[in-house]
Amino acid sequence: MSKVTKEKNELDVEKLTEELLISRKNGFFDVTDKEVSKADSFCEGYKVFLDRSKTEREAVEYAVAEAEKEGFLPFDRKKKYKPGDKVYYNNRGKALILAVIGEESCREGVRIAAAHIDSPRLDLKPYPLYEANELVLFKTHYYGGIKKYQWTTIPLAMHGRIVRRDGTHLDICIGEKPGEPQFCVTDLLPHLGTEQMTKTLSKAIEGENLNVLVGSRPVRSKKGSNLFKLNIMKLLNEKYHIVEEDFVSGEIEFVPAFHAADVGFDASMIGGYGHDDRVCAYPAIEAALRCGTPKHTVLTVLADKEEVGSQGNTGLASSFMRDFICDLAKQEGMEGYEVMRKSKCLSADVTAAFDPTYASAYEPTNSCYLNNGVGVMKYTGSRGKAGTSDASAEFMAEVRRLFDSNKVLWQTGELGKVDGGGGGTVAMFLANLDIDVVDVGVPVISMHSPFEVVSKLDVYMAYRGFLAFFQEGSASV
Ligand code: MN
Ligand code: MN
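In this convention, every chain numbers its residues from 1, walking through the sequence in written order. Written order determines the labels here, with chains lettered from A and ligands numbered from 1. Only residues with pLDDT of at least 70 are given local features in this predicted model, and only at 80 or more are side-chain atom pairs given and counted; all residues enter the totals for whole chains, interfaces and linings. Only hydrogens and water are set aside when side-chain values are computed; all heavy atoms of the structure are taken into account.

Novice: What is the right way to look at the sheet that holds strand 9 (residues 184–185) in this model?
Specialist: As a general point, the strands of a sheet are linked pairwise by backbone hydrogen bonds and lie either parallel or antiparallel. At least two bridges found by DSSP between two strands is the condition for calling them paired. Where helices and strands are cited, they refer to DSSP runs of H or I of at least four residues and of E of at least two residues respectively, numbered from the N terminus. Spatial strand order, 8-7-11-5-6-10-9: seven strands in an open sheet with antiparallel pairing. The open sheet terminates on both sides in strands that have one partner only, identified here as strand 8 (169–174) and strand 9. Pairing between strand 7 (residues 156–163) and strand 11 (residues 250–256): seven bridges, direction antiparallel. Counterpart to Arg161 in the pairing with strand 11 is Glu251.

If you want it as structure tokens, here you go:
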């Protein structure tokens, strides 16, 4: 007789653990190889989008072109729409709404996935061009929350638009194609960096020193001054027909010039510029394009200005999305608020992924991890949940149920330790319109850096999550 026979009342701990406790195994073990290869191929499309859409304007252009291929037409508020109709509303070329009219139209509210398409970068000042000690540079003013030291000595590309005094415009993109010149912000050599190295990270590189190197040859002349600056302006004038003052009415952004690339021997991750928040924008665009005729009208909203607080008429603190919903409501003889109070939104924005190299910044139990699926965050904010809309328990339960029943791999967590810092998303602006909203997005390592990292599996699960949300209750699933 064995000595290890169980006593009668002893509990089956393994079974009990499985029933009662959250399992913490890596999400990879929850999906089949087929799902993994679907994720990998989905991300091939994402990488193309990432390289083509480094600014908000480029992201809108891409999304409009893809939507038109799928039959989307510009929204006409005077027109009566029927289920299955696909429309888009282009807000000044910098924000976009894609909408698919549902079987029930908007009587039971609309379903919204709201992502942002602006990313941290270096913007040009109004008078950017200057020469100093026989070099020509651009003065910049950084946009969004950056660690300034990360933006020195990396190849930069110049993107954006200049509108001339006569209203004609010019779209610029230099430094992306092979053979094109690139640009950079310089840094001090370590040999002479003794004093700089004693400074804190936030002081070592100052905003006023983020100057972009753009030239070093003068106009050939024995007289005159500013010959170096003049030569660069002459080149720009020949190529683009602009004069120095035209920069005043320009929106020029310097962004990392490198392209999205697979990361790791297993190619399981993607490194690139602007995952925040194009890694949610792309799945949200794809979900709108592929959702068929949904039960409820669905909206993918691509907003600008999130990285600077969502203010401005292309940001979600403005009325452009609300007015769009009001137009839909009017078609049904309803008031906008009647639709909004029944509407639901996934605020599609990234969250921080646990980074073992900086483990002390995270609380391991309540963090998101790479490859564990799309993150569902009840709240964001900082210093005691300040500045967050905090989703209701009821809506959290609804999203859990939806994702579980559609086999969407998901996880939850907070943005680092309680007093470690924090951040916000567009969620509160939608919540303020009386819409139920929760943050759902892809976890990112090295967020806001020039080369952010995400997991392919998580990107795909974001798409699956948004698609399940859009298709809920519809006949097409
Ligand atoms: Mn974001
Ligand atoms: Mn951000």
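There is more to say, and it comes next.
Novice: Help me understand empty space enclosed by the protein, please; the structure alone is not making it clear to me.
Specialist: It is a probe the size of a water molecule, rolled over the atoms, that shows where empty space is left. Only protein atoms enter the 1 Å grid used here. Points where a 1.4 Å probe fits but cannot escape make up a cavity, open sets with protein on both sides within 12 Å along at least five of seven lines make up a pocket, and a residue lines them when an atom lies within 4 Å of a point. Grid points are joined across faces, edges and corners, and a volume is the space filled by probe spheres set on the points. Using the criterion set out here, one finds three cavities of 30 Å³ or more in the structure. If you add up the space inside the largest cavity, you get close to 50 Å³. Considering the residues around the largest cavity, the lining is formed by Tyr81, Ile101, Ser105, Cys106, Thr297, Leu328, Gln331 and Glu332. Each residue receives one of three labels: charged for Asp, Glu, Lys and Arg, nonpolar for Ala, Val, Leu, Ile, Met, Phe, Trp, Tyr, Cys and Pro, and polar for the others, Gly being one of them. Its residues assigned to classes, the lining of the largest cavity shows four nonpolar, three polar and one charged. Roughly 40 Å³ of internal volume is contained in the second largest cavity. Considering the residues around the second largest cavity, the lining is formed by Lys344, Phe395, Glu398, Val399, Leu402, Phe469 and Glu472. Element by element, the count of residues in the lining of the second largest cavity is highest for helix 9 (residues 393–405), at four residues. Here the residues of the lining of the second largest cavity are counted per class, giving four nonpolar, no polar and three charged.

Novice: Looking at this structure, I do not really get the coordination of the manganese ion (ligand 2). What am I missing?
Specialist: Ideal donor angles around a metal are set by the shape: a four-donor tetrahedron calls for 109.5 degrees, a six-donor octahedron for 90 or 180 degrees. Metal-coordinating donors are taken as N, O and S atoms lying within 2.8 Å of the metal, or within 3.2 Å when the metal is Na, K or Ca; because water is left out, some sites can appear incomplete. All of the protein donors around the manganese ion (ligand 2) are Asp276 (OD), Glu307 (OE), Glu307 (OE) and His448 (NE2); their distances to the metal are 2.0 to 2.6 Å. Counting the intervening residues between successive donors of the manganese ion (ligand 2) yields the motif D-x30-E-x140-H. A separation of 3.3 Å is found between the manganese ion (ligand 2) and the manganese ion (ligand 1), which share Asp276 as a coordinating residue. With a gap of 31 residues between them, Asp276 in helix 6 (residues 275–290) and Glu307 in the loop between strand 14 (298–303) and helix 7 (320–331) connect regions that are remote in the sequence. For the residue pair Asp276 and Glu307, the accessibility class agrees, reading buried in each case. In this scheme, a residue with accessible area under 20% of its type's maximum is buried, one over 50% is exposed, and one in between is partly exposed, where area comes from a 1.4 Å probe on protein chains only.

Novice: Help me out: how do you make sense of the coordination of the manganese ion (ligand 1) in this one?
Specialist: Those protein atoms acting as donors to the manganese ion (ligand 1) are His116 (NE2), Asp276 (OD), Asp349 (OD) and Asp349 (OD), and they sit at 2.1 to 2.6 Å. Mapping the donors of the manganese ion (ligand 1) onto the primary sequence yields the spacing H-x159-D-x72-D.

Novice: Please explain a nonpolar patch on the surface as it appears in this structure.
Specialist: By definition, no residue in a patch forms a salt bridge, and every one has over 30% relative accessible area; like charges are joined within 9 Å, nonpolar side chains (Val, Leu, Ile, Met, Phe, Trp, Tyr) within 5 Å. Accessible surface is estimated by sampling points in the Shrake-Rupley manner with a 1.4 Å probe; for residues, cover comes only from the protein chains shown. Salt bridges are defined as contacts in which a side-chain nitrogen from Lys or Arg sits within 4 Å of a carboxyl oxygen from Asp or Glu. Residues Leu11, Val13, Leu16, Leu20 and Leu21 make up a contiguous nonpolar surface patch of about 510 Å² in total accessible area. You can see Leu16 is positioned in helix 1 (residues 13–20). Assessed through its relative accessible area of 33%, Leu16 is described here as partly exposed.

Novice: Sorry, what's going on with the side chain of Ser474 here?
Specialist: In this fold, Ser474 is placed in the segment after helix 11 (456–471). Discounting residues that sit within four places of it in the chain, Ser474 has contacts with Thr293, Pro294 and Lys295. Contacts are assigned to residue pairs with any non-hydrogen atoms lying within 4.5 Å of each other.

Novice: Explain the layout of surface pockets to me, please; I cannot follow it from the model alone.
Specialist: Estimates place the volume of the largest pocket at around 1200 Å³. Considering the residues around the largest pocket, the lining is formed by 41 residues, among which Ala352, Leu415, Gly422, Met447 and His448 are closest to the centre. Of all the secondary structure elements, the ones that give two or more residues to the lining of the largest pocket are strand 16 (351–352), strand 20 (422–423) and helix 10 (427–431). Among the residues making up the lining of the largest pocket, the classes are represented as 15 nonpolar, 17 polar and nine charged. Quantified by volume, the second largest pocket comes out at close to 840 Å³.

Novice: Before we go on, may I ask you to explain the pattern of salt bridges in this structure?
Specialist: Once the charged atoms of two side chains with opposite charge are near each other, the side chains can pair. This structure, assessed with the given rule, holds 32 salt bridges. One salt bridge in this structure joins Glu66 and Lys69, with 2.9 Å as the shortest N-O distance. Here the residue Glu66 and the residue Lys69 both occupy positions in helix 3 (residues 56–69), the gap between them amounting to three residues, near one helical turn. For the salt bridge of Lys305 with Asp304, the shortest nitrogen-to-oxygen distance reads 3.3 Å.

Novice: Would you explain the pairing of strand 17 (residues 374–377) in this entry?
Specialist: Along any regular strand the residues' side chains alternate between the sheet's two faces. Burial along strand 17 is two-sided: Val374 and Val376 and Gly375 and Met377, pointing in opposite directions, are all buried. Two strands pair when backbone bridges link them, and strand 17 and strand 19 (residues 410–411) are joined in this way by two bridges, in the parallel orientation. Directly across from Gly375, in strand 19, lies its bridge partner Gln411. Where strand 17 and strand 21 (residues 436–441) come together, three bridges link them in antiparallel fashion. The residue bridging Met377 from the neighbouring strand is Asp439, located in strand 21.

Novice: Could you clarify how one ought to interpret the environment of Leu188 in this entry?
Specialist: Considering the arrangement of structural elements, one finds Leu188 in the loop between strand 9 and helix 4 (201–204). Judged by its relative accessible area of 42%, Leu188 falls in the partly exposed class. Between the alpha carbons of Leu188 and Gly312 there is a distance of 37 Å; along the sequence they are 124 residues apart. Those residues in contact with Leu188 that lie beyond four places of it in its chain are Gly193 and Gln196.

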